[in-house]
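So you can see what is in the structure, the chains are spelled out below.
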Amino acid sequence: MNPSSINWLAVVVAGLSSFMVGGLWYSRAVFGNAWMTDSKLTADEIKQGNKGKIFGFTAIFSLLMAFNLAMFLADNACKHTDLQWGATAGFLAGIWTFCAIAIHSLFELKSWRHIFINGGYSVVSLTLMGAIIGLWR
């Protein structure tokens, strides 16, 4: 892993891309209603959440995820890192996080639909992050 080969702008864009994916993914038009039902949350409860805390920590964690993925792709021996390999690496990282989400959710007695909504978001989000980092490497 060679941090000097990381494109830091790509890391920032990749990290922030999860907001775009999340905004669409958890919208009422896509999975928002199902997610709220399976999370046992109401729209009023969500509105009462501390938006600064939620979005602030989400930004930090998304940037950390993008940085971590960039570090895996920053190996000098891996000169072939491009859009395709970045997206593949992101997809594989997404499968990894999907499995962690599934394990936690099974113990929390969450539905499979809930697991696939949250885990699917991770797979799609990390695949896009990897594609961005790979494209700009």
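What counts as what
- Residues numbered from 1 in each chain as written.
- Predicted model: local features only at pLDDT ≥ 70, side-chain atom pairs only at ≥ 80, totals over all residues.
- Heavy atoms only, no water.
- 1 Å grid on protein atoms, 1.4 Å probe; cavity = no way out; pocket = protein on both sides within 12 Å on 5 of 7 lines; lining within 4 Å.
- Points joined across faces, edges and corners; volume = space filled by probe spheres on them.
- Nonpolar A, V, L, I, M, F, W, Y, C, P; charged D, E, K, R; others polar.
- Axes fitted to C-alpha atoms, helices over the stretch in contact; angles between N-to-C directions.
- Helix = DSSP H or I, 4+ residues; strand = E, 2+ residues; numbered from the N terminus.
- Parallel < 35°, antiparallel > 145°, perpendicular 65-115°, else oblique.
- Left-handed = near helix turned anticlockwise from the far one by under 90°.
- Contact = heavy atoms within 4.5 Å.
- Buried < 20%, exposed > 50% of the residue type's maximum accessible area, 1.4 Å probe, protein only.
- Polar contact = N/O pair within 3.5 Å; in protein donor to acceptor, adjacent residues only side chain to side chain.
- Core = buried A, V, L, I, M, F, W, Y, C linked by side-chain atoms within 4.5 Å.

Enquirer: Would you explain empty space enclosed by the protein in this entry?
Expert: To locate leftover empty space, one rolls a probe as large as a water molecule over the atoms. Applying the stated criterion across every chain, the model contains one cavity of 30 Å³ or more. Computed from the structure, the largest cavity encloses a volume of approximately 50 Å³. For the largest cavity, the full set of lining residues is S5, I6, N7, A70, L73, A74, I133, W136 and R137. Considered class by class, the residues forming the lining of the largest cavity number six nonpolar, two polar and one charged.

Enquirer: What should I look at first to understand the packing of helix α2 (residues 32–39) against helix α6 (residues 112–135) in this one?
Expert: Geometry of a packed helix pair, given as the angle between the helix axes and the separation of the axes. The interhelical angle for the contact between α2 and α6, taken along N-to-C directions, is 125°, at an axis separation of 9 Å. One finds that α2 runs oblique with respect to α6. Considering how the two elements wind past one another, α2 and α6 form a crossing that is left-handed. Where α2 approaches α6, its residues A34, W35, T37, D38 and S39 are matched on the opposing element by R113, H114, I117 and N118. For the contact of α2 with α6, the residue count by class is three nonpolar, four polar and two charged.

Enquirer: Even after reading the chapter, I still don't get the environment of S18, so can you show me in this structure?
Expert: By the secondary structure assignment, S18 is in helix α1 (residues 8–25). When the C-alpha positions of S18 and L64 are compared, they lie 12 Å apart, and in sequence the two are 46 residues distant. Residues contacting S18, with those up to four places away along its chain left out, are S62, Y121, S125 and M129.

Enquirer: Just to check I follow, could you spell out the side chain of H114 for this structure?
Expert: In this structure, H114 sits in helix α6. For H114, a relative accessible area of 5% corresponds to the buried category. At 2.9 Å, the side chain of H114 and the side chain of S39 are in polar contact. Once you skip the residues sitting within four places of it in the chain, H114 turns out to touch W35, D38 and S39.

Enquirer: When you look at the nonpolar core in this model, what are you seeing that I'm missing?
Expert: In summary, soluble globular proteins display a tendency toward joint burial of nonpolar side chains. Grouped together as the largest cluster of nonpolar side chains are 15 residues, with contacts concentrated most on I6, A14, A66, L69, M129 and I133. Secondary structure elements with two or more residues in this core: α1, α4 (51–73) and α6. Considering each element in turn, this core owes the most residues, five residues, to α4. Setting aside anything within four residues of it in sequence, one finds I133 in contact with A10, A14, A66, L69, A70 and L73.

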